[in-house]
Amino acid sequence: MHCPACGHSAAEQVFEQTIAGIKATLRALDQVRAAMPDRDTAETTVRVVIENGLQNAVTAFQRVVEALFVELPAPPKARRNAFQNLAEGSTLWQQATGQGYGAHLDSPSLDQLARAFQQRHLLAHRQGLVDEEYIAKSGDTRYRPGQRLVLRAERVTEAVELVERLVAGLRDDASSARSGQRSSP
């Protein structure tokens, strides 16, 4: 995510492009359905598009926050993939800037986003099959272990919007920290 010519980080630009692409794709789901004559194939395609949207949103979040984090003055050491975990990422961000993620999203929004991140984990590592760990970490009691996760485009759109809001706040925190105006918790 760096320009090969100047070395400038393109993480923020890639984030913006990824989020815009996810939103546009989710808005086009009716057209995707209409373009396929076979209903089963259309619904499978729509499911994959929705699931990919969530996975791409979490990855874009992780990458942009990593890029912002390493540019902070004296950030603490973060383990690999720390920003895929909202609680861990918030703690790291709090240590580095004086403000955690709760400064930018209320508790219900953070809970909703945490559930989305756990759903992304299921999709990436368990092909969407629910396990006890998912239920425990997400608090999502709609499923039993072994059931297949079902995502709705509306919920993914909401998760994408929460990611955007959180990143906007983190950008402000990073800017303040770099300019020496550490935010108050």
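Below is a summary of the structure that appears in this document. Not measured: the values here are computed from a predicted model.

**Here we look at the nonpolar core**
So, point 1. If you look at the biggest cluster of nonpolar residues, it comprises 48 residues, and the most contacted ones within it are Phe 61, Trp 93, Tyr 101 and Leu 113.
So, point 2. Examining the composition of this core, we find that 12 residues originate from one element, helix H3 (residues 39-70), more than from any other.
So, point 3. Setting aside residues no more than four positions away along its own chain, Phe 61 makes contact with Phe 15, Phe 83, Leu 86, Tyr 101, Phe 117, Val 163, Leu 166, Val 167 and Leu 170.

**Some remarks on the side chain of Ser 90**
So, point 1. Examined against the element boundaries, Ser 90 turns out to sit in helix H4 (residues 86-97).
So, point 2. Take Ser 90: its relative accessible area is 17%, and that puts it in the buried class.
So, point 3. Discounting chain neighbours no more than four positions away, the residues touching Ser 90 are Gly 100, Tyr 101 and Gly 102.

**Some points on the pattern of salt bridges**
So, point 1. On inspection of all chains with the given rule, the structure shows 13 salt bridges.
So, point 2. Two residues, Arg 148 and Glu 51, come together in a salt bridge whose shortest N-O distance is 2.9 Å. Of this pair, Arg 148 sits in the loop between helix H6 (132-138) and helix H7 (153-178) while Glu 51 is found in helix H3, placing the two residues 97 residues apart along the sequence.
So, point 3. By relative accessible area, which is 30% here, Arg 148 ends up partly exposed.
So, point 4. Linked through salt bridges whose partners overlap, the residues forming this network are Glu 12, Glu 16 and Arg 171.

Conventions and cut-offs
Residues numbered from 1 in each chain as written. Predicted model: local features only at pLDDT ≥ 70, side-chain atom pairs only at ≥ 80, totals over all residues. Heavy atoms only, no water. Core = buried A, V, L, I, M, F, W, Y, C linked by side-chain atoms within 4.5 Å. Buried < 20%, exposed > 50% of the residue type's maximum accessible area, 1.4 Å probe, protein only. Helix = DSSP H or I, 4+ residues; strand = E, 2+ residues; numbered from the N terminus. Contact = heavy atoms within 4.5 Å. Salt bridge = Lys/Arg side-chain N within 4 Å of Asp/Glu carboxyl O.

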